[in-house]
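Below are the chains, spelled out letter by letter.
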Amino acid sequence: MPMKHIEHVISVIDYLEGHLSDKTDLDAVAEALHYSKYHLHRIFTDAVGITIHEYIVRRRLTEAAKLLVFSDRPILDIALAAGYKSQQAFTDIFTAMYKQPPNRYREAERFYPLQLKFNLEGDYKMLEDQGGAAWDITFASEEDIPCWMELVRLVVAGYPHLDEKEYMQALKESIRRQEALILKDGSTAAGIMLFSARNGSIDFMGTHPLYRKAGVPGALLNKVMHELLKGREISITTYRDGDRADTGQRRELKELGFAEGELLEEFGYPTQRFILANPVPYPDEMIHLDEMNKKLDAALAQADGDVSRIDREYRDAKRYMAEYRGELDPHEMFQNELLLRQTDHTGAFAAGIRDRLEKLKDSPYFARIDFGGRSESPETFYIGRFTFRHDNEILVYDWRAPVSGMFYDYEPGPAGYDTPSGRIEGELTRKRQFKIRNGTMEYALESSSHIQDDILQKELSHTSDERMKSIITTIQKEQNKIIRSGHAGTMVIQGVAGSGKTSVALHRIAFLLYRFRDRLTAENVAILSPNKVFADYISGVIPELAEEPVYELSFAEIAEMHLERVIHFEPERNPSETEDVNLAERILYKSAPEFVSLMDRYIAELPYTAFAPAAYTYGRFSVSGEWIQKRFLAYKSHPLRKRLPLVAKDIFHRFESDNLMGDDLPKLQAVVKALTAMLTGKSPLALYKGFYRKTGHPELFVMPKKNTLEWTDVYPFLYLYAAYEGLTQSRITKHLVIDEMQDYAPIQYAVLNMLFPCPKTILGDFGQSLNPYHAYTLDDLLALYEGAQFAELNKSYRSTYEIMTFAKSIRNIAALEPVARHGEAPEVIRCRDGQDELLRIRKAMDEYNRNVNASLGIILKTDKSAKALFDALSPEYGLQLVSPDSSRFHNGITVTSVKMSKGLEFDEVIIPHANRETYFSEHDRNLLYIACTRAMHRLTLFYTGECSGLLSGSSCSVKED
Ligand SMILES: Nc1ncnc2c1ncn2[C@@H]1O[C@H](COP(=O)(O)OP(=O)(O)OP(=O)(O)O)[C@@H](O)[C@H]1O
């Protein structure tokens, strides 16, 4: 986090502390400090780990607890001072957090804080040089106590019942026994840990919130696991499941690899033990990683040196040229220019190597396989994000290298892989998987199919990211087959919701860029995505896989490029938003496969119907109408208007060969003008209108404004425009990826095929069709791409088993197989009325904030209803509305429509208005299914009145009040 943001957060905290007893919310803070609400919400949550709202609640309760113990003020007074409207409301929240009601807490006379004032002063140097020097975790000494306690106060939320005095005593004792570890950044404690060598337990672990993402907890854990409690099982206690006081400690421990243990009660507080089995049982792997780190350091130092040297050379050459510009002869100048360009190129290359090495330093590899040919002893291959070669030896193989394919395809036993020179068969004798972060090993596992599952489970149980991430460590066999398919032509992938289609398509691109690196670069690949938010969401994957970002574009952008000076058009309307039956009829007609055939027929007749040649005469020269017509037809591969100059040239040549007397001949331009006058279809628009007259459906062409097409006409018009004026093909694009294939009509594919005659990866799910009026099927699409390779993905990875089973009850896709990852059953909740529904959504948002999940999606049927709910919900939550005008997706709470949520995912999803009036048709079934399958871990549906009949098949009970 940049220092500027930290300073903003400090000023927010100061403001909040000064206004604890006022009515303060995100709005008030944003207004007082002149920040945008969204910015505030994000940076605050990032830095402090909880939302502003949650911070205020915790701070007020802490102050109230203090008053309960140290003053005689009546509880009602204290409740009101803490901002609660009634003693009951205060008692409820106090009890939920402190596990006893205020009066009992007062009697016990033991104050402990839920949240102390958050102090973020510090210089945080280590945060700036991320990935730099290794962290120095040391035993704490008495001098460290002040900064240690500063950190304890920051993380106190994770430790119920912490009494500073008792804690300090225990700390001194641990320091004496060398059981207190500290990681310092200057005078700031970034991470602290108390452990007990005797019990094999971690008694306290705290990470400065700003360093959480830098992997500090993992580093501390490593130190105890591999050095201090080597080989032993480690335990730690924390909140029980569902405790409202938990600000994310349970999830954090699970992410570190801890598993749930028995339920306990400590100092009267209900807690649970978590256990970590020794995660790296292979000492040889620790030695290997150590050596690898050293080699990476050496390579990085050399790469740094190279970059600086080339940079110096470049600057020297530039200076030399500037100084001697007047004195150098052109030849020498040219040589110098060349040299400069070459140095620049070499510099960029060296910087690329350095950047890769830096990334490798964080995590050099994630797998190892030992493989030997039939009669050879096995060789060891480490597999990582990209190749690391050092001293002429390959130490890490790129995951896309042929040999790496075995990691995804085989368990120990007979195995093999394809190379350009043929297949190599042999025996896989070992397969291990690793999680390395910040250069330290978090776990290592010897793989069997069972373990592979465990790792997949771990990956899938993470909270969502703002951007789609790479899945190279857990690519599944059926996915690998598609990614590594040697088929160079077009590929169509039909995959159920959450089956990894988009991920697989992006990994396939990275694979193709690697495999065909001599002829395919990132600039040769384009991705056609449904909207800007989705484009942004997926934009990180390919760069994460060490390739340059690829070009992303939308259907609207393509149309814009080609129609810029020709005609305007309106953006696509969400078909679920309109009740215009005429529009529905127009869409239905134009999205049918037969529509393309109709247009083809009309276009095939145009040379006869749109051009009426007559004799052309100039002085004593003349050609007949028939002759012109013949020439016009001869140029059949050219668009109509492009034929005119060609025919004009023919006429001119004919006159020229007849011109024995040396007479004046017409100017070529004049002949073209005369031929143009013979066109009866004067413009593509006139011809396009003519198409509807000709097919007997003039009512199916409607222009919303003068010279403006509605969206349904844009691609049909482009198709005709191509026949009349011609369209420029993309020569640079050598591979096109089309996502959400089911949402585009055959006529759009027809235009795409003209503009991009290259191989394509086309993917989507015909079970998630958005347009109720589209009338074509997967078979129709496959018919358009004869010879294309077809692949299906039926296993769904995104959502828990419970969520997918629920989604299947809405739309029974027989082939869909949910991954066996379990979670809470989805809830369908009946609300008394609209007000009650809003209240419940708010409550759910509060709960989400407490759970510190990364994202909550509130998904509505239409963009309009999403906007209405967004406006109605209190702004204190820092919501974002994702609408067709948005271009980015952030973590946090998002309100959006089903259409805009396509392709995205959220930790939790709320679907409001799940009633009979909103979701009733077969198309609504699709929409509900899409909305439900956006949820990774949790799903809740709310409704008023009568529940949607589409949910009647769900096994999940409706929750009444
Ligand atoms: N092999 C895998 N290992 C880990 N995570 C995976 C794997 N395959 C898919 N996922 C995860 O499953 C989720 C869904 O993937 P993705 O968005 O690519 O699926 P999709 O088929 O395009 O989904 P949809 O059509 O529903 O939008 C993502 O979070 C992705 O990271």
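Position numbers for residues count from 1 along each chain, tracking the sequence in the order it is written. With the structure being a predicted model, the display of local features is reserved for residues of pLDDT at least 70 and the display and counting of side-chain atom pairs for 80 or more, all residues being used for whole-chain, interface and lining totals. Side-chain numbers come from the whole structure's heavy atoms, not from hydrogens or water.

A separate point is the overall build of the protein. A helix here means a DSSP run of H or I that spans at least four residues, while a strand means a run of E at least two residues long, and both kinds are numbered starting from the N terminus. When its secondary structure is counted, the protein shows 35 helices and 33 strands. Principal-axis analysis of the C-alpha atoms places the extent of the protein at approximately 120 × 75 × 65 Å. Partly exposed residues are those whose accessible area sits between 20% and 50% of the maximum for their type, while under 20% is buried and over 50% is exposed, using a 1.4 Å probe and protein chains only. Burial statistics for the protein: of 961 residues in total, 55% are counted as buried. Should any heavy atoms of two residues lie within 4.5 Å, those residues are counted as being in contact. Pairs at least 24 apart in sequence give 71% of the contacts found in the protein among residues at least 6 apart. If you sum the accessible surface of the protein, you get close to 43,000 Å²; carbon and sulfur atoms cover 50% of it. Values of accessible area rely on a 1.4 Å probe in the Shrake-Rupley scheme; residue burial ignores everything except the protein chains shown.

Inside soluble globular proteins, nonpolar side chains tend to come together where they are buried. Residues grouped as a nonpolar core are buried Ala, Val, Leu, Ile, Met, Phe, Trp, Tyr and Cys residues, joined through side-chain atoms within 4.5 Å. If you look at the biggest cluster of nonpolar residues, it comprises 85 residues, and the most contacted ones within it are Trp 399, Ile 911, Leu 939, Leu 941 and Leu 951. With 9 residues, the top contributor of residues to this core is helix H18 (residues 501–515). Beyond its immediate sequence surroundings of up to four residues, Leu 939 is in contact with Ile 803, Phe 806, Pro 826, Glu 827, Val 909, Ile 911 and Cys 932. Grouped together as the second largest cluster of nonpolar side chains are 73 residues, Phe 595, Leu 675, Phe 691 and Leu 755 included.

In this section: the packing of helix H21 (residues 555–563) against helix H29 (residues 746–755). Packing of H21 against H29 brings their axes to within 12 Å, and their N-to-C directions diverge by 60°. Accordingly, the angle class assigned to the pair H21 and H29 is oblique. Considering only the axes of H21 and H29, their crossing is left-handed. In contact with Phe 555, Ile 558 and His 562 of H21, H29 contributes Gln 748, Leu 752 and Leu 755. Across the contact of H21 with H29, the residue classes tally to 4 nonpolar, 2 polar and no charged. Only C-alpha atoms enter the line fits that serve as axes; for helices the fit covers just the stretch in contact. Angles between N-to-C directions range over 0 to 180 degrees. Relative orientations are named as follows: roughly parallel for angles under 35 degrees, roughly antiparallel for angles over 145 degrees, roughly perpendicular for angles from 65 to 115 degrees, and oblique for any other angle. When the near helix sits turned anticlockwise from the far one by under a right angle, the crossing is termed left-handed; a clockwise turn instead gives a right-handed crossing. Residue polarity follows a fixed list, in which Ala, Val, Leu, Ile, Met, Phe, Trp, Tyr, Cys and Pro are nonpolar, Asp, Glu, Lys and Arg are charged, and the others, Gly among them, are polar.

Let us now look at the UniProt feature "domain: HTH araC/xylS-type" (unreviewed entry) in the protein. UniProt positions are given in the numbering used here, feature names are shortened, and annotations may be inferred rather than shown by experiment. The UniProt record marks residues 10–108 with the feature "domain: HTH araC/xylS-type" (unreviewed entry), using the residue numbering of this structure. Span residues 10–108 is 75% helix and 0% strand, its end C-alpha atoms 34 Å apart.

Our next topic: the site of the ligand. Neighbouring residues of the ligand: 22 residues in total, closest Thr 474, Lys 501, Thr 502, Ser 503 and Glu 905. Between N or O atoms, a polar contact is any pair within 3.5 Å; within protein, one atom must be a potential hydrogen donor and the other a potential acceptor, and residues adjacent in sequence are included only when both atoms are from side chains. In this structure, Arg 798 approaches the ligand through a side-chain N or O atom, which is 2.8 Å from an oxygen atom. If the ligand stood free it would expose 630 Å²; the protein chains cover 97% of that surface. Listed by contribution, the elements that provide at least two residues to the shell around the ligand are helix H16 (449–460) and H18. Top element by residues in the shell around the ligand is H18. It accounts for 3 residues. In the shell around the ligand, the residues fall into 8 nonpolar, 10 polar and 4 charged. The residue makeup of the shell around the ligand includes at least three contributed by each of domain 4 (466–611 + 680–793) and domain 5 (801–944). One heavy atom within 4 Å of a molecule or strand makes the whole residue count as near it. Segment limits for the domains were obtained from an automatic or database-derived domain assignment.

What follows deals with the sheet that holds strand E24 (residues 789–793). Should DSSP find at least two bridges between two strands, the strands are taken to pair. Spatial ordering of the open sheet is given by E17-E16-E22-E23-E15-E24, a layout of 6 strands whose pairing is parallel. Looking along the sheet, the strands with just one partner apiece sit at the ends: strand E17 (551–553) and E24. Strand-to-strand twist of the sheet, defined as the mean angle between neighbouring strand axes without regard to direction, takes the value 15°. Across 4 bridges, the pairing between strand E16 (residues 525–528) and strand E22 (residues 735–738) is parallel.

Right, let's talk about the pairing of strand E2 (residues 180–185) for a bit. The buried fraction of E2 is high, at 5 of 6 residues. The pairing of strand E1 (residues 137–139) with E2 spans 3 bridges and is antiparallel. Residue pairing in the sheet places Ile 137 in a bridge with Leu 183 of E2. Inspection of the sheet shows E2 paired to strand E3 (residues 188–196) by 6 bridges, in the antiparallel sense. Bridging across to E3, Ala 180 finds its partner in Leu 194. Hairpin geometry of E2 and E3 is characterised by an intervening segment of 2 residues between the two adjacent antiparallel strands and by a positive phi of about 60° at Gly 186.

Parts of the model with low pLDDT should not have their predicted coordinates read in detail. Per-residue confidence from the prediction method is given by pLDDT, with values spanning 0 to 100. Per-residue pLDDT for the protein has a mean of 87; in total, 96% of the residues score no lower than 70. Scoring the predicted complex yields pTM 0.74 and, for the interface, ipTM 0.99.

The subject of this paragraph is the side chain of Thr 474. Among the secondary structure elements, Thr 474 is positioned in the loop between H16 and helix H17 (477–483). For Thr 474, a relative accessible area of 8% gives the class buried. With near-sequence residues (within four places) excluded, Thr 474 lies in contact with Ile 455, Leu 456 and Glu 459.

Here we take up the domain arrangement of the protein. What the domain assignment reports for the protein is domain 1 (3–108), domain 2 (136–276), domain 3 (283–451), domain 4 (466–611 + 680–793) and domain 5 (801–944). Look at where the C-alpha atoms of domain 2 and domain 4 centre, and you get two points 53 Å apart.

Any two of the Phe, Tyr and Trp rings considered here, Trp counted by its six-membered ring, make a pair once their centres fall within 6.5 Å; the pair's planes then place it as stacked at under 30 degrees, edge-to-face at over 60, or tilted in between. For the coordinates displayed, the defined rule picks out 38 aromatic pairs. Taking 5.5 Å as the distance between ring centres and 80° as the angle between the ring planes, the aromatic pair formed by Tyr 365 and Phe 434 counts as edge-to-face. With a gap of 69 residues between them, Tyr 365 in the loop between helix H14 (330–362) and strand E8 (367–373) and Phe 434 in strand E13 (residues 422–437) connect regions that are remote in the sequence. Of the two residues, Tyr 365 and Phe 434, neither departs from the other in class, the shared state being buried. Seen from their ring centres, Tyr 744 and Tyr 749 are 6.5 Å apart, and the 65° between their planes marks the pair as edge-to-face. Tyr 749 shares its class with Tyr 744; the two are buried. These aromatic residues form a ring-pair network of at least three members: Tyr 589, Phe 595, Tyr 602, Tyr 688, Phe 691, Tyr 692, Phe 701, Phe 717 and Tyr 721. Two conditions define a charge sitting above a ring: the NZ of Lys or the CZ of Arg must be within 6 Å of the ring centre, and it must be within 35 degrees of the ring normal. Against the face of Phe 386 rests Arg 356, its NZ or CZ located 5.2 Å from the ring centre.

On to unusual backbone geometry. Phi at Glu 109 takes a positive value of approximately 55°, unusual for a residue other than glycine. You can see Glu 109 is positioned in the loop between helix H7 (102–108) and helix H8 (125–128).

When you tally the buried positions in H29, you get 8 out of 10 residues, the bulk of the element. Listing the buried residues of H29 in full gives Pro 746, Ile 747, Gln 748, Tyr 749, Ala 750, Val 751, Leu 752 and Leu 755.

This part takes up the packing of helix H2 (residues 26–33) against helix H3 (residues 37–48). It is at 9 Å that the axes of H2 and H3 come closest, and there the two elements cross at 110°. Taken as axis vectors, H2 and H3 run roughly perpendicular relative to one another. Across the interface between the two elements, Leu 26, Asp 27, Val 29 and Ala 30 from H2 touch Lys 37, Leu 40 and His 41 from H3. When the residues that make up the contact of H2 with H3 are grouped by side-chain class, the tally is 4 nonpolar, 1 polar and 2 charged.

What follows concerns the state of the cysteines. To count as a disulfide, a pair of cysteine sulfur atoms needs to be within 2.5 Å. Counted by the stated rule, this structure contains 0 disulfides. Cys 831 forms no disulfide, and the closest cysteine sulfur to it belongs to Cys 947, at a distance of 11 Å. According to the relative accessible area criterion, Cys 831 is buried, its value standing at 1%.

This part takes up helix H23 (residues 593–609). To estimate the expected span of a helix, subtract one from its residue number and multiply by 1.5 Å. Over its 17 residues, H23 extends 24 Å from the first C-alpha to the last, a length consistent with the 24 Å expected when each residue adds 1.5 Å. Listed as buried for H23 are Phe 595, Val 596, Met 599, Tyr 602, Ile 603, Leu 606 and Pro 607. Burial along H23 is one-sided: seen end-on, the buried residues are contained in an arc of 150°. In this structure, H23 carries Glu 594, Arg 601 and Tyr 608 as exposed residues pointing more than 90 degrees from its buried face. Structurally, H23 contributes buried residues whose contacts are with helix H22 (581–590), helix H24 (625–634), helix H25 (640–658), helix H27 (684–694), helix H28 (711–724) and H29. To obtain the arc, one takes the directions from the helix axis to the C-beta atoms.

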